[in-house]
Amino acid sequence: MPLHYLIALFIGLPIVELVLLFELHGVVGFFPTIFIVVLTGVTGAALVRRQGAATFFAIQRELSAGNLPAPKMMDGVMILVAGALLVTPGLITDFVGFALLIPFVREKIRDGLRKTLERKVREGYIQVNVNRPNDVH
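In this text the structure is predicted, and so the values were computed from the model without any measurement.

Peer 1: Outline the overall build of the protein, supporting the account with residue identities and numerical values.
Peer 2: For the protein, the count of helices and strands is five helices and zero strands. Sequence-ordered secondary structure for the protein, helices as α and strands as β, is α-α-α-α-α. Referenced to the eigenvectors of the C-alpha coordinate spread, the extents of the protein come out at roughly 75 × 40 × 25 Å. Here the protein holds 137 residues, and 20% of them are scored as buried. When the accessible surface of the protein is split by element, carbon and sulfur atoms take 70% of a total near 10300 Å². With 13 positive and 10 negative side-chain charges, the protein shows a spacing of 5 Å between the two charge centroids.

Here is the structure:
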């Protein structure tokens, strides 16, 4: 990710979040704004805990069956990111965090990442080399 995107993300997003919270404060008032921020954090944490535990057990089941649980592991990472976003005060981060808790959204993100990776491999941006271990006789 280019540096200017990171600068925009880590400097610009908090500023936009702050402006949106001030706008919300202007519409509904101080205490309702605080209530909304706390409610989304608590609700998000509860949902993340529940989905995270379910995903953890699904990964264990896949491993016990001898399968590679890559999709469930990606779900786990997205649920972790959702939790971080939901405990961060702000409307945009809450929206993205709640969206990541929807299985359909996670599936679409996984599909998009897979297609991007496949395209990068086809175009030669990413190379995969497989080496056989030396045969020992």
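Here the narrative resumes.
Peer 1: Please set out helix 4 (residues 91-100) residue by residue, giving values where relevant.
Peer 2: Of the residues making up helix 4, those classed as buried are Thr93, Asp94, Gly97, Ala99 and Leu100. Residues of helix 4 that are buried in the fold lie against helix 1 (3-28), helix 2 (30-64), helix 3 (70-87) and helix 5 (103-123).

Peer 1: Talk me through the packing of helix 1 against helix 2; I want residue IDs and the actual numbers.
Peer 2: It is at 7 Å that the axes of helix 1 and helix 2 come closest, and there the two elements cross at 130°. Taken as axis vectors, helix 1 and helix 2 run oblique relative to one another. Where helix 1 crosses over helix 2, the handedness of that crossing is right-handed. Across from Leu21, Leu24, His25 and Val28 in helix 1, the residues of helix 2 making contact are Phe30, Pro32, Thr33, Ile36 and Val37.

Peer 1: So what about the nonpolar core? Which residues, and what values?
Peer 2: Listed in full, the seven residues of the largest apolar core are Val48, Met78, Ile79, Ala82, Leu86, Leu100 and Leu101. In terms of residue count, helix 3 provides more of this core than any other element does, four residues in total. Once residues lying within four places of it in the same chain are set aside, the contact partners of Leu101 are Gly44, Leu47, Val48, Gln51, Ile79, Ala82, Leu86 and Arg106.

Peer 1: Residues and numbers for the packing of aromatic side chains, please.
Peer 2: Overall, the coordinates contain two aromatic pairs when judged by the stated rule. Ring plane angle 80° and centroid distance 5.1 Å describe the contact between Phe30 and Phe31, whose orientation is recorded as edge-to-face. Residue Phe31 is classed as exposed on the basis of its relative accessible area, which comes to 65%. Plain terms: the ring middles of Phe56 and Phe57 are 5.6 Å apart, the flat faces sit at 65° to each other, and that makes the pair edge-to-face. Take Phe56: its relative accessible area is 45%, and that puts it in the partly exposed class. Residue classification places Phe57 among the partly exposed residues on the basis of a relative accessible area of 46%.

Rules of the game
Residues numbered from 1 in each chain as written. Predicted model: local features only at pLDDT ≥ 70, side-chain atom pairs only at ≥ 80, totals over all residues. Heavy atoms only, no water. Helix = DSSP H or I, 4+ residues; strand = E, 2+ residues; numbered from the N terminus. Buried < 20%, exposed > 50% of the residue type's maximum accessible area, 1.4 Å probe, protein only. Areas by Shrake-Rupley, 256 points an atom, 1.4 Å probe, with all protein chains shown as cover. Lys, Arg positive; Asp, Glu negative; His and termini not counted. Charge placed at Lys NZ, Arg CZ, Asp CG, Glu CD. Contact = heavy atoms within 4.5 Å. Axes fitted to C-alpha atoms, helices over the stretch in contact; angles between N-to-C directions. Parallel < 35°, antiparallel > 145°, perpendicular 65-115°, else oblique. Left-handed = near helix turned anticlockwise from the far one by under 90°. Core = buried A, V, L, I, M, F, W, Y, C linked by side-chain atoms within 4.5 Å. Phe/Tyr/Trp six-rings, centres within 6.5 Å; stacked < 30°, edge-to-face > 60°.

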